[in-house]
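Here's the letter readout for the chains.
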Amino acid sequence: MQYSLMRTYRRMALLLVLALAGTLGMRAQVDAQLTQYWNVPNYYNPAAIGNIDYIHINAGSRLQWVGVRHAPMSFLALADMPFKFMGRRWGTGVSLQQENVGLFRSIHAGAQLAWKKDMLGGTLSVGLQAGIINQTFKGDEIEIPEGDDAHTSADDAIPQGVVTGTAFDANAGVMFTHKWFWASLSSTHITSPTVSLKMENDEEKVFEFDAGRLYYFMAGSNIPVKNTLFEIQPSIMFKTDFKFYQAEATARVRYNKFLSGGVAYRHKDAVALLLGANYKDFFISYSYDYPISEIRKATSGSHELFVGYNLKLNMGEKNKNKHKSIRIM
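This text gives an overview of the structure that appears in the document. (Residues numbered from 1 in each chain as written. Predicted model: local features only at pLDDT ≥ 70, side-chain atom pairs only at ≥ 80, totals over all residues. Heavy atoms only, no water.)

**Things to note about unusual backbone geometry**
Operational definition: Here a strand is any run of E in DSSP of at least two residues, a helix any run of H or I of at least four, and the numbering for each starts at the N terminus. Burial status follows relative accessibility: with a 1.4 Å probe on protein chains alone, a residue under 20% of its type maximum counts as buried, one over 50% as exposed, and anything between as partly exposed.
Phi is positive for Trp 65, close to 55°, though the residue is something other than glycine. Here Trp 65 is to be found in the loop between strand 2 (54–63) and strand 3 (73–85). Taking the relative accessible area as the measure of exposure, Trp 65 reaches 4% and is therefore buried. Phi at His 189 is positive, roughly 55°, even though this residue is not glycine.

This is how it looks when you write it as structure tokens:
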């Protein structure tokens, strides 16, 4: 027997905090909500790898809606590097994400490959990510309120224990990187995988989790302020599944390629403060979100922190791709 775990979970109102957020809902929550999307474009688009001659390592965490029970908690780790094969420049990388939302735990892991071609004064990159999506639902932690006539502990649509499952997952995208700007178009979960979740001792009862396909457009720029040590770094991101959408804009300023700060706005959801610093090959960035939706009545906000390191690679004197890193520029 098969049951839609998503539908059951909604009916029990255990994802109320997601509904209050006014964002893309449960399907979008398959991908982590990140204010610093400009810092980790390769999370959304596998084409955004191998853009600089470094092994680029980036890891961070997000605590969303602090104070709200069962609110999303995300951890993300990324690494990428360029390489040359048959006279062409390529990029390779790995991506790992773990997120807890309510009684759900999701793990995404993937290997990335990108093909690159110099054109129009910049670099066109086409990337693909192949990996897995693992979903776990803690059915043994479900709390049914007393006097609830709609559900009972014996309801067949409610897991009686921990159910888990794994499915193949894939992302794809294109990106154009120039000295002064970058633009990215991508899709995550392009196969729209359905994860079948089962208990170890009950192989007949199957629950389903649907990871819906999402589309992303991101773009940004690096604008030096003449005769100063300041740079203005605006960026935008738009995501949709053609039923819902979310848009956000970010404005950052960097001083002397060392300290940076800025603000961000996520449509009908939150405003954010951004801080960052670069020291040699290390970098750190922090953001604080203050919600402007109804969820603000229950939370003090969201916190996000990323740290990273760049390890220099020798790609040879003939390498002409010396663009700034779009993640830390």
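The rest of the description comes next.
**As for a nonpolar patch on the surface**
Test applied: Exposure above 30% relative accessible area and the absence of a salt bridge qualify a residue for a patch, where like charges join within 9 Å and nonpolar side chains (Val, Leu, Ile, Met, Phe, Trp, Tyr) within 5 Å. Note that accessible areas follow from Shrake-Rupley with a 1.4 Å probe, and for residues the cover is restricted to the protein chains shown. Any Lys or Arg side-chain nitrogen located within 4 Å of an Asp or Glu carboxyl oxygen qualifies as a salt bridge.
Residues Ile 223, Val 225, Leu 229, Phe 230, Ile 232, Val 253, Tyr 255, Phe 258, Leu 259 and Tyr 279 make up a contiguous nonpolar surface patch of about 870 Å² in total accessible area. Elements with a contribution of two residues or more to the nonpolar patch: strand 13 (230–240) and strand 14 (245–255). On the secondary structure map, Leu 229 appears in the loop between strand 12 (223–224) and strand 13.

**Describing the side chain of Thr 123**
Let me state the cut-off plainly: Counting of polar contacts relies on pairs of N or O atoms within 3.5 Å, with two restrictions inside protein: one atom must be capable of donating a hydrogen and the other of accepting it, and residues adjacent in sequence are counted only when both atoms are side-chain atoms.
Relative to the helices and strands, Thr 123 resides in strand 6 (residues 122–138). Among the polar contacts listed, one links the side chain of Thr 123 to the side chain of Asp 118, at a separation of 3.1 Å.

**A word on the packing of aromatic side chains**
Stated formally: Side-chain rings of Phe, Tyr and Trp (the six-membered ring for Trp) are treated as a pair once their centres are within 6.5 Å; stacked means planes under 30 degrees apart, edge-to-face means over 60, and tilted covers the remaining angles. Either the NZ atom of lysine or the CZ atom of arginine qualifies as a charge over a ring when it sits within 6 Å of the ring centre and within 35 degrees of the ring normal.
In total, this model carries 10 aromatic pairs according to the counting rule given. When the ring of Tyr 44 is compared with that of Tyr 216, the centres are 4.8 Å apart and the planes differ by 50°; the resulting orientation is tilted. Taken together, the residues Tyr 44 in helix 4 (residues 41–44) and Tyr 216 in strand 11 (residues 214–221) connect sequence positions 172 residues apart. Residue Tyr 44 shares its accessibility class with Tyr 216, and that shared class is buried. Measuring from ring centre to ring centre gives 5.8 Å for Phe 238 and Tyr 245, while their planes differ by 20°; the resulting arrangement is stacked. Residue Tyr 245 is classed as partly exposed on the basis of its relative accessible area, which comes to 46%. The lysine or arginine in question, Arg 252, covers the ring of Trp 38, its NZ or CZ lying 3.7 Å from the ring centre. Positioned above the aromatic ring of Tyr 54 is the side chain of Lys 312, whose terminal nitrogen or guanidinium carbon lies 5.0 Å from the ring centre.

**Details of the environment of Leu 185**
What counts here: Contacts are assigned to residue pairs that have any heavy atoms within 4.5 Å of one another.
Turning to its location among the elements, Leu 185 is positioned in strand 8 (residues 181–188). Setting aside its immediate chain neighbours within four residues, Leu 185 contacts Asn 45, Gly 173, Val 174, Tyr 216 and Phe 217.

**Remarks on the nonpolar core**
Definition in use: Only buried Ala, Val, Leu, Ile, Met, Phe, Trp, Tyr and Cys residues count toward a nonpolar core, and they belong to the same one when joined by side-chain atoms within 4.5 Å.
Ranked by size, the top nonpolar core spans 21 residues in total, and within it Leu 34, Val 40, Tyr 43, Tyr 44 and Leu 76 carry the most contacts. At the level of elements, helix 4, strand 3, strand 11 and strand 16 (270–279) are the ones that each hand at least two residues to this core. Per element, the largest residue contribution to this core is three residues, and it comes from strand 11. With 15 residues, the next largest nonpolar core counts Phe 104, Ile 133, Met 199 and Ala 211 among its residues.

**Topic: the environment of Asp 31**
In this structure, Asp 31 sits in the loop between helix 3 (25–28) and helix 4. Note on Asp 31: relative accessible area 4%, which makes it buried. Through-space distance from the C-alpha of Asp 31 to that of Ser 74 is 9.6 Å; in sequence the pair is 43 residues apart. With sequence-adjacent residues up to four places away left out, Asp 31 is seen in contact with Tyr 43, Glu 99, His 108, Thr 188, His 189, Leu 214 and Tyr 216. A polar contact of 2.8 Å, which involves the side chain of Asp 31, links it to the side chain of Thr 188. Of note is the side chain of Asp 31, whose polar atom sits 2.6 Å from the side chain of His 189.

**Describing the pattern of salt bridges**
Between side chains of opposite charge, a pair can form when the charged atoms approach closely. Summed over the entire model, instances satisfying the criterion amount to nine salt bridges. For Asp 289, the salt bridge is made with Arg 266, and the minimal N-O distance between the two is 3.2 Å. Taken together, the positions of Asp 289 in strand 17 (residues 282–291) and Arg 266 in strand 15 (residues 259–266) put the pair 23 residues apart, joining distant regions of the chain. Given the relative accessible area of 2%, Asp 289 is considered buried. The salt bridge partner of Glu 294 is Lys 297, with a shortest N-O separation of 2.8 Å. Note on Glu 294: relative accessible area 44%, which makes it partly exposed. Within the structure, one salt-bridge network assembled from shared partners comprises Arg 62, Glu 248, Arg 266, Asp 269, Asp 289 and Glu 304.

**Re the pairing of strand 6**
For a regular strand, side chains alternate in direction, first toward one face of the sheet and then toward the other. To keep it simple, the criterion reads: Between any two strands, pairing holds if DSSP finds at least two bridges.
Note that strand 5 (residues 104–119) and strand 6 share 16 bridges and pair antiparallel. Residue pairing for strand 6: Gly 110 is matched across the bridge by Gly 131. Here strand 5 folds back onto strand 6 in antiparallel fashion, the turn holding two residues, of which Leu 120 has a positive phi close to 50°. Sheet topology places strand 6 next to strand 7 (residues 162–177); 16 bridges connect them, and they run antiparallel. Each bridged residue has a counterpart across the sheet, and for Thr 123 the counterpart in strand 7 is Thr 177.

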